[in-house]
Amino acid sequence: MKTLLYTIFALLSLNSFKTNAQGKISGQITDDKSKIVEFASVTLLKAKDSTLVKGALSDGSGSFEFEKIPLGEYLVSISQMGYKKFYTLKFSLDSENPSVKLMNLILSEDSKQLSEVQVIAKKPFIEQQIDRTVVNVANSIVSAGSTALEVLEKAPGVTVDKDGNISLKGKQNVMVLMDGKPTYMSASDLVNLLRNMQSSSLEKIEIMTNPPAKYDAAGNAGVINLKTKKNQNMGLNGSATVGFGYGFYKSLPKQNGSLNLNYRQGKLNLFGNFSGNHRKSFQINEINRKFVENGKTLSGFDQVADSDKQNSSISYKMGADYFLDSKNTIGVLFNGMNGSFSEILDNQAIVKNSLGQQDSTSITKGDINNQWSNYSTNINFKHVIDSTGKEWTADADYARYNANNNMMYRTSKYDLSNILRQTRNEDGMTQSKINIYSIKTDLVYPINKNSKFEAGLKSSYVNSNNDMRFEFLLGDLNNRVLDPTRTRDFLYKENINAGYLNFSTSIKKLSIQLGLRAENTIGQGTLKGKELLNRNYTNLFPSVFLREKLNAKHQLGLSYSRRIDRPSYEDLNPFLYFLDPYTFQKGNELLQPQYTDALELSHTFMDGIITTINYSRTNGVMTNILQQNNALKLTNVTKYNIGYVDNFGIAFSVPVPITKWWFSNTYFNLYNNHYVGEIPKVTIGADGSETTIFQSLDARATTFNANMTNQFTLPKKFSLELSGWYQSGFIEGQLAGKPMGAVSFGIQKKMMQDKATLKLNVNDVFWTQKFRGNFVFNDIDVQIVNRWESRVARVTFTYRFGNNKIKAARQRQTGLDDEKGRVKNGGN
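1. So, the overall build of the chain
In step 1: Within the chain one finds 5 helices and 47 strands.
In step 2: Residues counted as buried form 52% of the 828 residues belonging to the chain.
In step 3: Look at the contacts in the chain between residues 6 or more apart in sequence, and 68% of them connect residues 24 or more apart.
In step 4: Total accessible area computed for the chain in this model is approximately 36800 Å², and 57% of it derives from carbon and sulfur atoms.

2. Quick word on the sheet that holds strand 1 (residues 23-31)
In step 1: One open sheet holds the 3 strands; their spatial order is 4-1-8, and the pairing between them is mixed. Two strands lie at the open edges of the sheet, namely strand 4 (63-69) and strand 8 (99-107), each paired on one side alone. Within the sheet, the average angular offset between the axes of one strand and its neighbour, ignoring direction, is 15°.
In step 2: Summarising the sheet, strand 1 and strand 8 pair through 7 bridges and their orientation is parallel. Its bridge partner being in strand 8, Gly-27 is matched across the sheet by Leu-102.

3. Brief notes about the environment of Ala-651
In step 1: Here Ala-651 shows up in strand 37 (residues 644-659).
In step 2: As for Ala-651 and Asn-705, which are separated by 54 residues in sequence, their C-alpha atoms are 9.5 Å apart.

4. A closer look at the packing of aromatic side chains
In step 1: Across all of its chains, the model carries 14 aromatic pairs by this definition.
In step 2: Relative to Phe-771, the ring of Phe-730 has its centre 6.4 Å away and its plane inclined at 50°; by these criteria the two rings are tilted. Here Phe-771 lies in strand 45 (residues 771-777) and Phe-730 lies in strand 41 (residues 730-732), a separation of 41 residues in the sequence.
In step 3: Above the ring of Phe-301, the side-chain terminus of Arg-289 is found at 5.2 Å from the ring centroid.
In step 4: A cation sits over an aromatic face here: Lys-390 above Tyr-445, 4.9 Å from the ring centre.

5. Describing the pattern of salt bridges
In step 1: The tally for this structure, following the rule as stated, stands at 23 salt bridges.
In step 2: The salt bridge involving Lys-90 is made with Glu-73; its shortest N-O contact spans 3.9 Å. Of this pair, Lys-90 sits in the loop between strand 6 (86-87) and strand 7 (91-93) while Glu-73 sits in strand 5 (residues 72-79); the two residues are 17 residues apart in sequence, bridging distant segments of the chain.
In step 3: Look at Lys-90 and you get exposed, because its relative accessible area is 56%.
In step 4: Two residues, Asp-346 and Lys-365, come together in a salt bridge whose shortest N-O distance is 3.2 Å. Linking Asp-346 in strand 21 (residues 328-352) with Lys-365 in strand 22 (residues 358-384), this pair joins segments that are 19 residues apart in sequence.

6. Some words on the confidence of the model for the chain
In step 1: Chain-level statistics for the chain give a pLDDT mean of 82 and a share of 83% at 70 or above.
In step 2: Of the regions scoring below 50 in pLDDT, residues 805-812 engages in 35 contacts with residues more than four places distant in sequence or in other chains.

7. Here's the deal with the environment of Glu-391
In step 1: With respect to the helices and strands, Glu-391 occurs in strand 23 (residues 391-414).
In step 2: With sequence-adjacent residues up to four places away left out, Glu-391 is seen in contact with Lys-382, His-383, Val-384, Ile-385, Asp-442, Leu-443 and Val-444.

8. A look at the pairing of strand 28 (residues 510-527)
In step 1: In this structure, strand 27 (residues 488-507) lies alongside strand 28, joined through 18 bridges in antiparallel fashion. Note that in strand 28 the partner of Leu-501 across the bridge is Leu-516.
In step 2: Here strand 28 pairs with strand 29 (residues 530-549) via 18 bridges, running antiparallel. Considered in strand 29, the bridge of Leu-510 is made with Glu-548.
In step 3: Between strand 28 and the antiparallel strand that follows it, strand 29, lie 2 residues; Lys-528 among them carries a positive phi value of about 55°.

9. Looking at the side chain of Ser-464
In step 1: Residue placement: Ser-464 occurs in strand 25 (residues 452-474).
In step 2: Only 3.0 Å separates the side chain of Ser-464 from the side chain of Asn-466, close enough to count as a polar contact.
In step 3: Apart from residues no more than four positions distant in its own chain, Ser-464 is found in contact with Lys-433, Ile-434, Phe-490, Leu-491, Tyr-492 and Tyr-569.

10. Here we look at the pairing of strand 29
If a strand is regular, its side chains alternate between the two faces of the sheet.
In step 1: Relative to strand 30 (residues 554-565), strand 29 is paired through 7 bridges, and the arrangement is antiparallel. Across the sheet, Ser-543 pairs through a bridge with Ser-561, a residue of strand 30.
In step 2: Linking two consecutive strands that pair antiparallel, namely strand 29 and strand 30, is a turn of 4 residues.

11. Here's the deal with the environment of Lys-738
In step 1: Structurally, Lys-738 can be placed in the loop between strand 42 (735-737) and strand 43 (740-751).
In step 2: Taking the C-alpha atoms as reference points, Lys-738 and Lys-770, 32 residues apart in sequence, are found 9.5 Å from one another.
In step 3: With residues near it in sequence (within four places) discarded, Lys-738 still touches Gly-729, Phe-730, Arg-772 and Asn-774.

12. Quick notes on unusual backbone geometry
In step 1: You will see that Lys-68, though not glycine, has its phi angle at about 55°, which is positive.
In step 2: Considering the arrangement of structural elements, one finds Lys-68 in strand 4.
In step 3: When its relative accessible area of 57% is taken as the criterion, Lys-68 is described as exposed.
In step 4: The backbone of Gln-753 sits at a positive phi, close to 55°, despite the residue not being glycine.
In step 5: We classify Gln-753 as exposed; its relative accessible area is 71%.

The rules behind the values
- Residues numbered from 1 in each chain as written.
- Predicted model: local features only at pLDDT ≥ 70, side-chain atom pairs only at ≥ 80, totals over all residues.
- Heavy atoms only, no water.
- Helix = DSSP H or I, 4+ residues; strand = E, 2+ residues; numbered from the N terminus.
- Buried < 20%, exposed > 50% of the residue type's maximum accessible area, 1.4 Å probe, protein only.
- Contact = heavy atoms within 4.5 Å.
- Areas by Shrake-Rupley, 256 points an atom, 1.4 Å probe, with all protein chains shown as cover.
- Pairing = 2+ DSSP bridges.
- Axes fitted to C-alpha atoms, helices over the stretch in contact; angles between N-to-C directions.
- Phe/Tyr/Trp six-rings, centres within 6.5 Å; stacked < 30°, edge-to-face > 60°.
- Lys NZ or Arg CZ within 6 Å of the ring centre and 35° of its normal.
- Salt bridge = Lys/Arg side-chain N within 4 Å of Asp/Glu carboxyl O.
- pLDDT = per-residue confidence, 0-100.
- Polar contact = N/O pair within 3.5 Å; in protein donor to acceptor, adjacent residues only side chain to side chain.

Rendered as structure tokens:
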């Protein structure tokens, strides 16, 4: 708090500073262990009466500088959390010595203050900042032992549907970054990654609904940045975590463990993270569908799919930073994850006639095995031009994704007398190999104390190779016949070149940020060597941010940005993905990008309570469309561009310290989604010819979701956490979803001189987190209920070792951000 007050006073003093100054004062701050002290509050005081002249913060090298100072006698005060306050002796700035460099600026550790910080300065689970919402994963009890996807479900404004797709404030197509890098994964593979990533490897989650031009323009709903742990304290330090969990319904076990290691000595910093995860789970899908034509029911299905799943994965992160000198740093980073996924599927469908009477029974047994691996590496360089904040950075990245999926389906069809009438046996194989290359460079160039210029360039290249092969097994299952409709080789290449300019300034109490990003996309897709698509387009993406500080308690903000969502590589792939003999998913090579214009007005009260009003329109919105073939009783899902969707909402974020031992954070979001467009309907004639007609869609719904987290500090180093979330009914194109929510509870005990932590938690205590929805549109009538193992009890033990008192150094972000979010190549 002292640091914040000094900074505010220092900034206010800039407006009253005289223009006839002619001297300069500089220095570098270290501590009594010769470690550089970053971001210390430095205040220049008149020696006569100790009145404030000017303020500054030390930079990453511990240096500071005061320019254009009137001649006279001064002294300097330095403060930083964890250190005793420091004052220099009186010194003179005169015509003979117009430039003074202060020496021996050495801070002493304040052990009393450090012990206070460990208790008082603990961050809440959810923290609201000016331009983003921060979820401090490391400080959550109920998140211990959970996966990254389960933590996201508790984040304000974030919803995760039955398939793991992520929405933000009612809008889909969120760009997910990993340490500032795009994941380049499709929705399904991103879900797989998040389901296998342990919360113990996450430090925080940053949520930005209107990111500036510096970020890739992808993601119409905004950006979610997952920041992994990277502690850069001096010496050797780290933490180890082990956890065990059990589900309540089938008592399926889960185990996880992780190790974080950091070593920093002199100019070298090494860091690594290793984690393992093994879990068993289940999922139950109930689907009731009717095949309707001209208002008359022709037939129907009552289907129950029960699957037992098993996931195993290991992930690793290794990196190094080398500080060449006070202005130049070079770093390398390597991330990897290997895993396997298996699923045993038991799908039973009762086929009904037009009167709703049972006609036959179809049973499909499935055995699915998936092996996958993800690797990425980064080389980065940072050059600090001078102490005013000018810096240049450069990144080079490479990522590779591999997946091999083997499927076996055995289907038997029985009549009313339970006599076997038909069998269908098939084996399938899919392979994906995706290589991604990226280079980028960024320049930060402060013009003066109030204005800053930023610019950057980026180029990425993606090569996605997908192979699929299905065979029918006839007779004694040794006679294999290739299915040509599901045997394809799809190759997609894409090159995106981008550049951005960003200018920010402040005029009195008004802050302004203007940005413009340009992106050129070149994409080419071939199927079995034949060109299927060829695209080349360029777009401009402006952004505007205004912030006015009305007084000490009230602040207004206004922002606008334009964004793009490109189809994932899998969505462009015209493969047929069969779930069972009657249900499949198909890609669409004609799918086009969607564009979003977003406007947001915000009000901040006491730097904590935030109200936002937002509106956005997405044109050419990509939507999953359900289609049915009444004659063959087939159902398929394909993504199409339809007209547009309007999203209008209001949100409240209310962090409230109710007592010294009880902190509450409440988030409430009310929004309306309105979908308007033309839905394609494909009919098949008696001769097998296809005819496409279009039907009008005009669907809207008002939805609210609420998220509340309560943290309680108890005696004897115990603490509790009680959290819950709820979402009312919603729509997404043709789909209408019903309300869902969950309540979670956790207790924590610190021990062994606060070096160890034991956490016990139960997620979804009442097992209320289930998806219910329906597709009811013209001749389509499908009802869905989806349940999974969301109620899990976990116990987690963490032990921290090494030096944990010194402030950490830089967190590195790299260049692969948007492309990774479009890859689909993992398990489920």
